[in-house]
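Reading the structure
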Amino acid sequence: MMGGFAAFLGRQQKAILFLMASLALAGAVGALSLPVGLFPRTSFPRVRINIDSGARPAHEMMLQVTQPVEQALRAIPGVRGVRSTTSRGSMQAFIDFDWGTNMRAATLEVDAALAQQLPDLPKGTRYVVRRMDPTVFPIIAYALISHSISEAELRTIARYRIVPVLERIPGVAKIGVQGGDTPEVHVIVDPAKLAAMHVTLASVEQAVSRSNVLASVGRLADHDSLYLVVQQNTLRTMAQVRRIVVGGGPDGVVRLGQVARVEMGRVPRYDRVSENDHRAVTLQVFQQPSGNAVQVDAAVRRALAAYETRLPAGVRLVKWYDQSTLVTAAAGSVRDAIAIGVVLAGLVLIGFLRSWRVTLIALLVLPASMATAVLILTLLGMSFNIMTLGGLAAAVGLVIDDAIVMIEHVARRAGRAGGIAARGAVLAAAEEFLAPLAGSSLATLIVFVPLAFLSGVTGAFFKALSITMASTLVASWLFSAFAVPVLARWLIDFDKWHDPVAGGGARESLLARAHGWLLDLVVARPAWLLVALIPFVLAGAYAYAVVPTGFMPRMDEGGFVINYQARPGTSLAEGAREIRQVGDILRADPAVATWSTRLGAGLGGDLNEPYQGDIFVQLRPLGQRAPIWTVMDRVRRRIIDRVPGIDFDESQLMSDLLGDLVSQPEPIEIELHGDPARLDETAKRVAAAIGRIPGVVGVQDGVVIAGDSIDIHVDPAKAAMFGFDPAAVERMVATALRGSVVTALPGQERFTGVRLELPRDAFAQTGDLLRLPLAAPSGALVPLGAIATLRTVSGRPEIDRDNLRQIVAVTGRISGGGISAAIASVRRVLARPGLLPPGMSYRLGGLYRQQQKAFIGLARVFVAAVLAEFVLLLFLYRSFVIAGAIVATALLSSLAVFIGLDLSGVALNITALMGMTMIVGLATEMAIFYISEFRSLAGYQDRREALVVASRNRLRPIAMTTLAAILTLLPLALGIGQGSGMQQPLAIAVISGFVVAFPLVLFGLPALLRLVLRGPEP
């Protein structure tokens, strides 16, 4: 007679199948609307501010701007740290908050604090506040290139034609434009003609600005109408600019054209952007936080394809960066994992059960569970990203387990009967197996609970992974418990198919005979188990000691960034020449598809001097080149050999972006603090010392020089004799060197600035400044040297501060080794006598600090998972002995993770530790299947016999699930596909644990229980 659960399945078969099908269909539909991005939707607790305050020296900038701003920021509730960089006339700061802070409110508080401080800062100070999240970086970038039209025309096309088309696309936040020239009208004043006409530069500036007037002056009522009165003196053409009256007297008026040359020019630039060494204008697409990167990319491609027909001849668009390719690759890995998982699991099921109908039932659970998991992600407001997609791919090997063990148990119970009896046995078998299935699934799910308490970037990322995997496992349990028995009753013809075990299958008999022989040997001499485990434990301890460590997994992203700087003070032209040498190296490399260069600017909005910049290198598809690490090492060696004039470091973009979002992106960061006068000297010694450590590359001493300057000192007494004061001299010299934008001409698409300046060819050398003619109020021309002196000042370094304390950060990257080993070498070098002067100390930061926080957090999660499993086992079996034996089996299985990582050459990182935690649950799940069978047999069999029979009965389902899981995780473990690298360590860890858990549960656990279960069970 059927029990309650079996009777429920029998009554509600149609409703169950309809509900399960609806869940799967709803998940498939939900996948179409789920947002897509590179990172999980996470509120990173960091705010960036950029402050511009003219061109004052770094030290004065620090005293007048940085210090008061830092003090105001530190007073904001919840601020954990403030780190700033002060350069000549500019300051950038990162404000860190605690994880979980409401960052919208925190950003507003930062803005309010700066607004309150602004009146006390130097006049003209401007600031920008930006919350740090993945959307601060572009997701797609194109370059506009032409050999036939000017850069000004290219920028006009980009800014006023293409940008409006792209900004209308749903999901696009903004379009950034870099490079190209901005046209403006140049009024080049002749100082000699000014003097001859008795006109001063100040009067010319005033006349031009006051001649361009468009203003409402009032209203006038005339009879029944009311008119708006507008003064209309708008300048629209250069001819009108030339006719501006700048002076007058008895001899008539003086027009601008009589004292100046008016012509078209461009806004002065101190940056340069190129694509494959060709001057270019770049378009960077920024995504809305709720946008879908893949859909945005497709919409942008369609929009640009439609617009390309309107581009002038010789102009072309080149895509040089696409973040969505990583997400697409990860989605492809999920698709491939599901397909491969279905095929391999099907082969396993066919091999053991020899029925395509039985196999079909189990395989239907896989896509249905995945779709239902996507539905759960949709309801939770999550997105498709590298972590959720990786979780789906990694869960394929685990999802199939529940279906396999349920269908195997049903087959074993019902497959030995026939006809109506077999159909009744199906539901009875499902009810019988419900408790072990629920307990085993709970054992796997419970390890994900402690992850909810992780903080930092590890918690942000792995909460998404754990929720995804837990969702798939819950869905798998629902389908296995409810749908599999119903489908088995409907689809399997038990008159034609019987359990192969009953028929004595040759292959399975061989497996059973080998298992039985070894099991009898181990159970008869259980002490031998301890002897056999000693080499395994020693191997695990050795692997733990030698396996390299990392932070995030290595993943081939298909492109990398070269951050570089030339010698401080290098001109833009000379810097461009050196970078062209790097371009020659990239052009000759067969793996490089294209590269985009910025000089004096940065992809992520970094604070850059004109001699600094970055290069983004896009590689060819993975099948057409070597792995990215090989390419990066090759390019690095060639740059060192052929371009000695630049310092640089390389990184893949995702790790670089992640570092910017949470900390410094470099794995090695040595924060030196002590006497400010000795910081720079010490930093250079430290950088030279750690640069000699094998495997440490891209070392930067952290001393960034702003370039040389020329100080002009005006003698007030001499200036007064000619009718000048220092402020008047400053205006005239500024106009001579950089010009002064005094007004703007309206156009069809934009306003064109009018810049007043002196002839540029008059200042070919620094000494020419002393001959700069200044027009005195009397009409005389006075050379600058008559009232001022010049002094060349060597470049001053940028000032870095961390929580109100001045520091210098020496940074480096690691090639071919682990973080922990490299840091150990760094510590030994820093401990050398004399390297650090008295009073100088250091702190290690960068990704190493993030790694240590993550490892400590995951170690706590591991301990919590073990304790949770122990408590669960006590509830299930009410026996400390059985619970302890199972936990010991799980811990020994997790030790295999270190061996697997060492053999595969993969570093121990946060993903591998996640896999190690999962093994505790998976090994416990496997043991629960065995213990449940043992306890059901122990009620009427001898304990020794029950231990042996239980192992024999569970041999086939455990072998099937282990083999299916290993085979389905194998593509991830082998790193097949561009998006699989993120989950490769997890897959290796899980496979390693499965390989060891299989014999431990089937042989070790019976032997261990034979030793410890002496008296009656509690």
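Residues numbered from 1 in each chain as written. Predicted model: local features only at pLDDT ≥ 70, side-chain atom pairs only at ≥ 80, totals over all residues. Heavy atoms only, no water.

**Observations concerning the overall build of the chain**
- When helices and strands are tallied, the chain shows 30 helices and 30 strands.
- Each of the three principal axes of the chain carries a C-alpha extent, and together these read 125 × 85 × 55 Å.
- For the chain, buried positions account for 56% of its 1018 residues.
- Relative to all contacts within the chain whose residues are 6 or more apart in sequence, the contacts with residues 24 or more apart total 79%.
- Taken as a whole, the chain presents about 42,300 Å² of accessible surface, with 59% of it coming from carbon and sulfur.
- Across the chain, the centroid of the 95 positively charged side chains sits 4 Å from that of the 79 negatively charged ones. (Helix = DSSP H or I, 4+ residues; strand = E, 2+ residues; numbered from the N terminus. Buried < 20%, exposed > 50% of the residue type's maximum accessible area, 1.4 Å probe, protein only. Contact = heavy atoms within 4.5 Å. Areas by Shrake-Rupley, 256 points an atom, 1.4 Å probe, with all protein chains shown as cover. Lys, Arg positive; Asp, Glu negative; His and termini not counted. Charge placed at Lys NZ, Arg CZ, Asp CG, Glu CD.)

**A short note on the nonpolar core**
- Formed by 248 residues in total, the largest nonpolar core has its most connected members in Phe 461 and Ile 670.
- The greatest single-element share of this core, amounting to 19 residues, is contributed by helix H13 (residues 386–414).
- When sequence neighbours within four positions are dropped, the list of residues in contact with Ile 670 reads Val 686, Ile 690, Val 808, Ala 809, Val 810, Val 826, Leu 830, Tyr 842, Arg 843 and Leu 844.
- Counting residues in hydrophobic clusters, the runner-up holds 37 residues, among them Leu 201, Val 208, Ile 244 and Val 259. (Core = buried A, V, L, I, M, F, W, Y, C linked by side-chain atoms within 4.5 Å.)

**Structural notes on empty space enclosed by the protein**
- Applying the stated criterion across every chain, the model contains five cavities of 30 Å³ or more.
- Of the volumes computed, that of the largest cavity is approximately 110 Å³.
- What lines the largest cavity is a set of 14 residues, and nearest its centre among them are Tyr 321, Leu 326, Glu 557, Phe 616 and Leu 653.
- Counting residues per element, the ones that place at least two in the lining of the largest cavity are strand E15 (315–322), helix H11 (324–353), strand E18 (612–619) and helix H21 (653–662).
- The biggest single contributor to the lining of the largest cavity is H21, with three residues.
- Split by residue class, the lining of the largest cavity holds seven nonpolar, five polar and two charged. (1 Å grid on protein atoms, 1.4 Å probe; cavity = no way out; pocket = protein on both sides within 12 Å on 5 of 7 lines; lining within 4 Å. Points joined across faces, edges and corners; volume = space filled by probe spheres on them. Nonpolar A, V, L, I, M, F, W, Y, C, P; charged D, E, K, R; others polar.)

**A look at unusual backbone geometry**
- A positive phi angle, near 70°, is found at Asp 277, a position not held by glycine.
- Mapped onto the secondary structure, Asp 277 falls in the loop between strand E13 (272–275) and strand E14 (278–287).
- By relative accessible area, Asp 277 is classed as partly exposed at 21%.
- Phi is positive for Arg 878, close to 55°, though the residue is something other than glycine.
- For Arg 878, the position within the fold is in the loop between helix H26 (846–877) and helix H27 (880–904).

**With respect to the pairing of strand E1 (residues 46–52)**
- With five of seven residues buried, E1 is to be regarded as a mostly interior element.
- As defined by bridge partners, E1 adjoins strand E3 (residues 90–97) across seven bridges and the pair is classed as antiparallel. The residue bridging Asn 50 from the neighbouring strand is Gln 92, located in E3.
- Sheet analysis places E1 next to strand E4 (residues 126–131), joined by six bridges and oriented antiparallel. Across the sheet, residue Asp 52 finds its bridge partner in E4, namely Arg 126. (Pairing = 2+ DSSP bridges.)

**Considering helix H12 (residues 356–379)**
- In this model, H12 (24 residues) spans 35 Å end to end at C-alpha, consistent with the 34 Å of a helix rising 1.5 Å per residue.
- Downstream of H12 by one or two residues, Gly 381 has phi in the positive range, about 70°. (Expected span 1.5 Å × (residues − 1).)

**Points about the pattern of salt bridges**
- In this structure the tally under the stated criterion is 34 salt bridges.
- Here Glu 151 makes a salt bridge to Arg 269, at a shortest N to O gap of 3.5 Å. One end of the pair, Glu 151, is in helix H5 (residues 151–167); the other, Arg 269, is in the loop between strand E12 (260–266) and E13, and 118 residues separate them in sequence.
- For Glu 151, a relative accessible area of 14% corresponds to the buried category.
- Asp 614 is paired through a salt bridge with Arg 598; the nearest N and O atoms lie 2.7 Å apart. In this pair, Asp 614 is assigned in strand E18 and Arg 598 in strand E17 (residues 592–599), connecting sequence segments 16 residues apart. Side by side, Asp 614 and Arg 598 carry an identical accessibility label, which is buried.
- Connected through salt bridges with shared partners, the residues Arg 83, Glu 669, Glu 671, Asp 802, Arg 843 and Arg 849 form a single ionic network. (Salt bridge = Lys/Arg side-chain N within 4 Å of Asp/Glu carboxyl O.)

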